[in-house]
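Here is how the chains run, residue by residue.
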Amino acid sequence: MPSFLDDISSFYGTGEKNEKGQTLEEFLKEYDPYQYKNPCATTDMVLFSYAGEKPDTDALKVLLVCRKNHPSIGYWALPGGFVELYENLEDTARRELEEETGVKGLPVEQFACYGDYQRDPRARVITTAYFSLVNEKEVRVKAGDDAADAAWFTVKLKKGESRDVTTDAAVIKKEDFSLELENEDRGLKIGAVICKEERQGLVRERKYKVKEGGMVAVDHAAIITQALEVVRQRIRKNSCTCG
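Residues numbered from 1 in each chain as written. Predicted model: local features only at pLDDT ≥ 70, side-chain atom pairs only at ≥ 80, totals over all residues. Heavy atoms only, no water.

**Side note on the overall build of the chain**
- Tallying secondary structure elements over the chain gives three helices and ten strands in all.
- Starting at the N terminus and ending at the C terminus, the chain contains elements arranged as α-β-β-β-β-α-β-β-β-β-β-β-α.
- The principal-axis extents of the C-alpha atoms in the chain amount to approximately 65 × 50 × 40 Å.
- Roughly 14,900 Å² of accessible area belongs to the chain as shown, and the carbon and sulfur atoms make up 49% of that amount. (Helix = DSSP H or I, 4+ residues; strand = E, 2+ residues; numbered from the N terminus. Areas by Shrake-Rupley, 256 points an atom, 1.4 Å probe, with all protein chains shown as cover.)

Following this line, the structure appears as structure tokens:
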């Protein structure tokens with residue numbers, strides 16, 4: 001098949017032919033990207049908001065959408081969706097946020113990738129997670145696309161049990177978190193339990209796993225928890241610097 005890109009000039013390398021005697025053009029013409037079962041790529045967006053002049057770590061909200069289609073129909077989820085063929089990841093994050101909630105024009109930062117194979121029944125789906133922070137008064141939320149509803153939820157995160165598990169290879173620190181999401185206007189209060197596992201040492205493997213998801217779709221409670229830890233740390237650091 002023809003090259004995926006119109007301009008391949010930056011991919012010639014040293015200009016040699018490969019072991020089959022092919023030029024880059026000949027190799028690309030013969031190459032079949034569908035010879036293997038490829039994963040699908042999505043993005044998910046964690047948008048936090050605050051009221052007042054500056055953010056408070058204990059008074060943040062997160063924007064969620066209620067799914068109106070399978071899977072996890074009726075559950076609350078992060079705005080997100082599939083990456084289009086000619087689209088950069090951060091553009092997908094912004095597009096999906098706008099399509100599902102009406103919010104647009106925000107800076108976004110990538111902070112995690114979630115790729116456990118059992119996370120979606122439709123296909124092998126790997127998601128890249130982004131976050132942003134905004135004053136709630138500066139945006140207007142309106143549900144759209146495949147979202148039945150869109151709403152702000154106050155978010156609270158409480159640390160639970162912490163323990164160290166020693167293996168032959170390393171010490172794994174495990175921490176449990178209780179995530180509470182509430183929207184008073186809709187009379188909704190959602191709870192989830194997340195376990196954070198972190199390998200101690202120079203190389204630190206870190207993973208957030210959902211133990212009890214409640215009415216939060218897929219692994220989104222874990223994604224929210226990880227994003228919240230990052231944002232809280234940034235806010236505290238910024239407050240110390242400014243102070």
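**Focus: the nonpolar core**
- V46, V155, L179 and L181 are the most contacted members of the largest nonpolar core, which has 34 residues in total.
- Listed by contribution, the elements that provide at least two residues to this core are β1 (40-50), β2 (61-67), β5 (109-114), β6 (125-135), β7 (147-166), β8 (171-183), β9 (188-199) and α3 (220-242).
- With eight residues, α3 is the single largest residue contributor to this core.
- If we ignore the near neighbours within four places in the chain, the residues touching V155 are F48, L60, K61, V62, L179, E180, L181, I224 and L228. (Core = buried A, V, L, I, M, F, W, Y, C linked by side-chain atoms within 4.5 Å. Buried < 20%, exposed > 50% of the residue type's maximum accessible area, 1.4 Å probe, protein only. Contact = heavy atoms within 4.5 Å.)

**Description of the pattern of salt bridges**
- If you walk through the whole model with that rule in mind, you get 20 salt bridges.
- Residues R119 and D219 are paired through a salt bridge, measuring 2.8 Å at the closest nitrogen-oxygen approach. Of this pair, R119 sits in the loop between β5 and β6 while D219 sits in the loop between β10 (206-212) and α3, and the two are 100 residues apart along the sequence.
- For R119, a relative accessible area of 10% translates into the label buried.
- For D219, a relative accessible area of 13% puts it in the buried group. (Salt bridge = Lys/Arg side-chain N within 4 Å of Asp/Glu carboxyl O.)

**Considering unusual backbone geometry**
- The step from H70 to P71 runs through a cis peptide bond, and the omega angle for that step is -5°.
- On the secondary structure map, P71 appears in the loop between β2 and β3 (76-77).
- One non-glycine residue with positive phi stands out, namely S72, at about 60°.
- When its relative accessible area of 26% is taken as the criterion, S72 is described as partly exposed.
- Non-glycine residue V218 carries a positive phi angle of around 50°.
- Positionally, V218 belongs in the loop between β10 and α3.

**With respect to the UniProt feature "domain: Nudix hydrolase" (unreviewed entry) in the chain**
- On the UniProt side, "domain: Nudix hydrolase" (unreviewed entry) is annotated at positions that read residues 38-177 here.
- Between the C-alpha atoms that bound residues 38-177 the distance is 34 Å, and the span itself is 9% helix and 48% strand. (UniProt positions renumbered as here; feature names shortened; annotations may be inferred.)

**Describing the side chain of D176**
- Mapped onto the elements, D176 comes out in strand β8.
- Since its relative accessible area comes to 11%, D176 is described here as buried.
- If near-sequence neighbours (up to four positions away) are discounted, D176 is found in contact with K158, K159, G160, E161, R163, I194, C195 and K211.

**Some words on the pairing of β1**
- For β1, the tally of buried residues reaches nine of eleven residues, placing the bulk of the element in the interior.
- Strand direction decides the pairing type here: β1 and β6, joined by eleven bridges, are parallel. Bridging from a neighbouring strand, F48 pairs with L133 of β6.
- Both β1 and strand β4 (residues 80-82) contribute to a ladder of three bridges, which runs antiparallel. (Pairing = 2+ DSSP bridges.)

**Notes on the packing of aromatic side chains**
- One pass over the full model with this rule turns up four aromatic pairs.
- Measuring from ring centre to ring centre gives 5.6 Å for F27 and Y31, while their planes differ by 35°; the resulting arrangement is tilted.
- For Y31, a relative accessible area of 38% corresponds to the partly exposed category.
- Ring plane angle 65° and centroid distance 4.9 Å describe the contact between W76 and F153, whose orientation is recorded as edge-to-face. Of the two residues, W76 is situated in strand β3 and F153 in strand β7; the sequence distance between them amounts to 77 residues. Across this residue pair, the class does not change: W76 and F153 are buried. (Phe/Tyr/Trp six-rings, centres within 6.5 Å; stacked < 30°, edge-to-face > 60°.)

**Looking at helix α2 (residues 89-101)**
- If you check α2, its first and last C-alpha atoms are 18 Å apart, about what 13 residues at 1.5 Å a residue would give, namely 18 Å.
- In this structure, the buried side of α2 is in contact with β1, β2, β4, β6 and β7.
- Among the residues trailing α2, G102 stands out with phi positive, at a value near 85°. (Expected span 1.5 Å × (residues − 1).)

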